[in-house]
Amino acid sequence: MKVLAICFLLANVLFVQAKLTPKHFKVSGKGGLTIKSELFVEKQDILDVEAPQDRDVFEINTDDSLRDGDIFTVSTYNTLVDETKHWDTKSIPVTYAPDLNLEAIATIEEARREYEMRTCLSFVDRTTEENYIYFDALSGCYSSVGQVGGPQTISIGNGCEKMSVVQHEIMHALGIYHEQSRTDRDDYVTIELDNVDSGKEHNFNSYSYDVVDDRRVPYDYNSVMHYSDTSFSSNGEPTIVTKDPAFQDVIGQRRTFSVGDVTKISRMYQCTEPLRVSYSCNFEDESVCGYVQDTTDDTDWLRYTIGESPIVTSNVPDTDGTSGTSGSGSYMLFDSNTALNSAANMQTMRLKSNVAQQCLEFSYYMDLTSTSPATLRVYVATIDSSTGEITQLGSPVATLSGDHETYWNVERLTISAPAEYKLVFVANSGGQAADAIAVDDITVLDKPCETGYFVINNYAELIASSSPGDYLYSPVMYTDDGYAYQIKVYPVGSSSSNGDYMAMYYYVALGVNDDKLKWPFYDRFIKMSVVDQGADALTRMNQFSNYMTGPDAGSWDQPTSARNSGYGYSKFMKVSDIVGTRHFSKHNSLMISVEVTDMTSWAASRMVDQEVKRPPSSMMLTRTVNEDDRQPIFEPCVHNDDVDTVSESKAIALAAITGSIVFVLMLFVLIGFHFQNQKHFSRVVNALIRREKASPPDYKGACYSREGHVNFSVDIDKK
C-alpha cells in the first residue's frame, strides 16, 4: 500500500505541473522603467523577519581539533607537494548524505558547476567508485587536505551553505592549504599573534617548501582560501595585517574563485581549458575577436575607438561599455549617419558549447530619435560543421528598439545554441541621421542565466540623496515556474543603526499566474547578488547572499495584497564596497541579479527513496564527449517562452501516460504477492520507482530562456 500511495502521489504531481508553464515578462521602453521620486519615500512597512547575517567558516567552526580552522586531521599527512595525495582522475565522484539540507545541496550544485566553468575538473555522481567525496552536514565546515582514500567527508554544516564555502572546502580536498600558510607569507602579511585567541595560534602556521608548493602563483590576497583580517581574533582587532594596505579589506573574500585559485588548480591537475566553454569580447583589440562583416548587407559595423576614430555624429557614446571611463575604450558602432535606410550584419567566428543552455550577455547603446523605427536584432545561427557557413538564421533571440537615451544598457538572456554556431548582430537603420547604435562586451557562458536582474542608473546621486529608511522596489519579475516577486533595496540602510550598509529583501508579489500555482512558495533557493560588472564575466566576484524558503521564517503564502512581507538582509553589503571596490558600480549604475532555484524535485526524491539522488533537472554537463571524434553529443531543447499553459490535449495525454504508469506499478504490486522472495520483489518495485523518477515525462520544458529582466532609472529631483 505504501508503494501504491507513492504512485498516486507521483501521478498527481505530474498532472498538476503539466497544466502550467511559465510566461516571462520583459519591461522595456525609453530608458527602461523609470521609478519616479514620489515612490522613493520613508519606510512604510514592517519587515517581519530578517535572514541571518553571513559568518565566515572560522566563526562557524568551534571544534578545536580542526587544524588551521577547517582542516580535518587524518592519519595520513596530505600535502600539495606529495602528488600521491592528488586525485588520480579529473572526474571526482561525489555523493550526498541522506539528511543534507536543501540549501546545502543547492550551494554544492552551484560549486560543482563553477568548477566546470573555471577548471577541467568535474564532480560527478558516484556509482561504485571506491574513492569519493561524501558531503555531510556535521558541526561546521571542514575537509581533509588531498585525497585520503575511500569515502572522504566534506562537512557543509549549519551556516556553511554558501557556494564559495563549498569551493573553499573542495580546494582543501584537492590538496590546497590556506593562502596565508604559504612559505613566503611573511613577505606579504604580518600575523599579529597578540590579537589571536589563546590556544588558536596554531591556526596561523606556515609550511615549508617541502610541504607546500605555490605553483608559481604570486601571493593572492584575493584568494577564496585566505583568512579574513580578523580571523580568530580575541578582541576584534586584526590578526592579519597586509604589508600593502590596499589589500587589508580584500583578504578573506567569500565570493568565488580568484584567478590565482584557478591557476593553482589548473597547474596541479594539468588543465588545458575548462570543461564548459566561455567567450568574451570587448573589442579593444584591432582583431575585434574574430568578428566579421557580412558582405551581402548594405553597410558595415565600425570599430570605434574613443579619442582616435573620426567623429561621425555628435551623439555617439563618449564611453565604452567595458570600463565606463570617459575618453577611452572601443566598441562596435552602426553609423546611421552614413547608412540611412540600410542594414549591417556582424557575425562571430565559429563558437562551440558543451551544454544545452548558455547565458548570452552584451552591452548596447541606442540613442534614437523618438520616431525612429531602428532596431538591433541578435540571432543564434546554425552552421555547416565542415565549412562554418551559416545554414539557418532562424528567429531573433533578442530584438531591441526605441530610444534608450544616453545609457549603456545590458541585455542578458538564456539561449539554447547548437553544439556549433555563430552569433549574428543585425542593425537596421530607421532612416534618421541622428540615430546611434553601438554594441560592446559580448559574452557567452556555458550555463543558464540567472532568473532575473535589474539595473539602477545614476546610483551615486541616489546614494547622495538617500537617508536611512529610504527604499525602492524593483519592477515585478517572475521565476521560471511563474511566481511573481520583487526586490526591495535600501541604498543606505533600512535604519540609522546600519546606515553604512545597503539592505536588500525578497518579496513574493501578486502575479498573473497565482491562482494556478502551488502554495506556499517553499523549497526555493533564493540568491540575491550585487553584480561585479567587470569586463570578463567569467572572473567576476559578485557580492551575494542566499537562503531557502520554508516554514521556519518568511512569508511565502499566496499574496492577498501587492506583496507579502520581505525576507532578506539588513547588512547585505557595505556602501563603501559598492562605490569603491571592483566594478560593482559601472557607468554610475548598479546591477542586481536574482537566482531562484526550485528544489522541490530534490525534496520529492527524498520522500520516495530516503536517498539523496539527483533529480532530472541537473545543473551538470548535459553533453558528453565521444572519445573517437571529441564531438559534443546533445539532446535538442525546445523553447516555450510565450505559452501560459500547455494545450488541453497534451495535458490529457500526459495524464493518460501517468495513469498508465500507475496501472503498471499497481500490476506489479499484485504480481508481487506471488513472489516467493519478498526481498527480490521489493528491489524490483524500488528499481521501477527510481527509474521513473530519473526519467519522468517532459512536462515542464526545462529550456526556458530566463528573460524577465528589467532595467530602470531612478529619477530623483527632490524628495
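Heads up: these notes are all about the structure in this document. (Residues numbered from 1 in each chain as written. Predicted model: local features only at pLDDT ≥ 70, side-chain atom pairs only at ≥ 80, totals over all residues. Heavy atoms only, no water.)

**Some details on the nonpolar core**
If you look at the biggest cluster of nonpolar residues, it comprises 43 residues, and the most contacted ones within it are F123, I133, F135 and L174. The contact partners of F135, leaving out residues within four places of it in the chain, are V94, T95, Y96, A97, L100, I108, I154, I156, V166 and I170. (Core = buried A, V, L, I, M, F, W, Y, C linked by side-chain atoms within 4.5 Å. Buried < 20%, exposed > 50% of the residue type's maximum accessible area, 1.4 Å probe, protein only. Contact = heavy atoms within 4.5 Å.)

**Remarks on the pattern of salt bridges**
Applying the stated criterion to the full structure yields 19 salt bridges. A salt bridge links R185 to D186, with the shortest nitrogen-to-oxygen separation between them at 2.7 Å. Classification of R185 as buried rests on a relative accessible area of 7%. We note a salt bridge from R524 to D598, for which the minimum N-O separation is 3.7 Å. Of this pair, R524 sits in strand β27 (residues 524-530) while D598 sits in strand β31 (residues 589-598), placing them 74 residues apart in sequence. For R524, a relative accessible area of 6% gives the class buried. For D598, a relative accessible area of 24% gives the class partly exposed. Overlapping salt bridges bring together E179, R182, D184, D214 and K264 as one network. (Salt bridge = Lys/Arg side-chain N within 4 Å of Asp/Glu carboxyl O. Helix = DSSP H or I, 4+ residues; strand = E, 2+ residues; numbered from the N terminus.)

**Thoughts on the packing of aromatic side chains**
The tally for this structure, following the rule as stated, stands at 32 aromatic pairs. Summarising the aromatic geometry, the rings of F362 and F425 are spaced 5.4 Å apart at their centres and angled 90° between planes, so their arrangement reads as edge-to-face. Separated by 63 residues along the polypeptide, F362 in strand β15 (residues 358-367) and F425 in strand β20 (residues 420-428) bring together distant segments of the chain. Classification of F362 by relative accessible area gives buried; the value is 0%. Given a relative accessible area of 0%, F425 falls into the buried group. Put simply, the rings of Y483, Y485, Y506, W519, F521, Y547, W556, Y567, Y569 and F572 pair up and form one aromatic cluster. Over the face of the ring belonging to Y453 we find R412, whose NZ or CZ atom lies 4.9 Å from the ring centre. (Phe/Tyr/Trp six-rings, centres within 6.5 Å; stacked < 30°, edge-to-face > 60°. Lys NZ or Arg CZ within 6 Å of the ring centre and 35° of its normal.)

**What to know about helix α5 (residues 259-268)**
Counting buried residues in α5 gives seven out of 10 residues, a clear majority hidden from the surface. Turning to α5, its buried residues number three or more, namely G260, D261, V262, K264, I265, S266 and M268. Among the structural elements, α3 (102-118) and α4 (163-174) are those in contact with the buried residues of α5. Just downstream of α5 lies Q270, where phi reads positive at about 50°.

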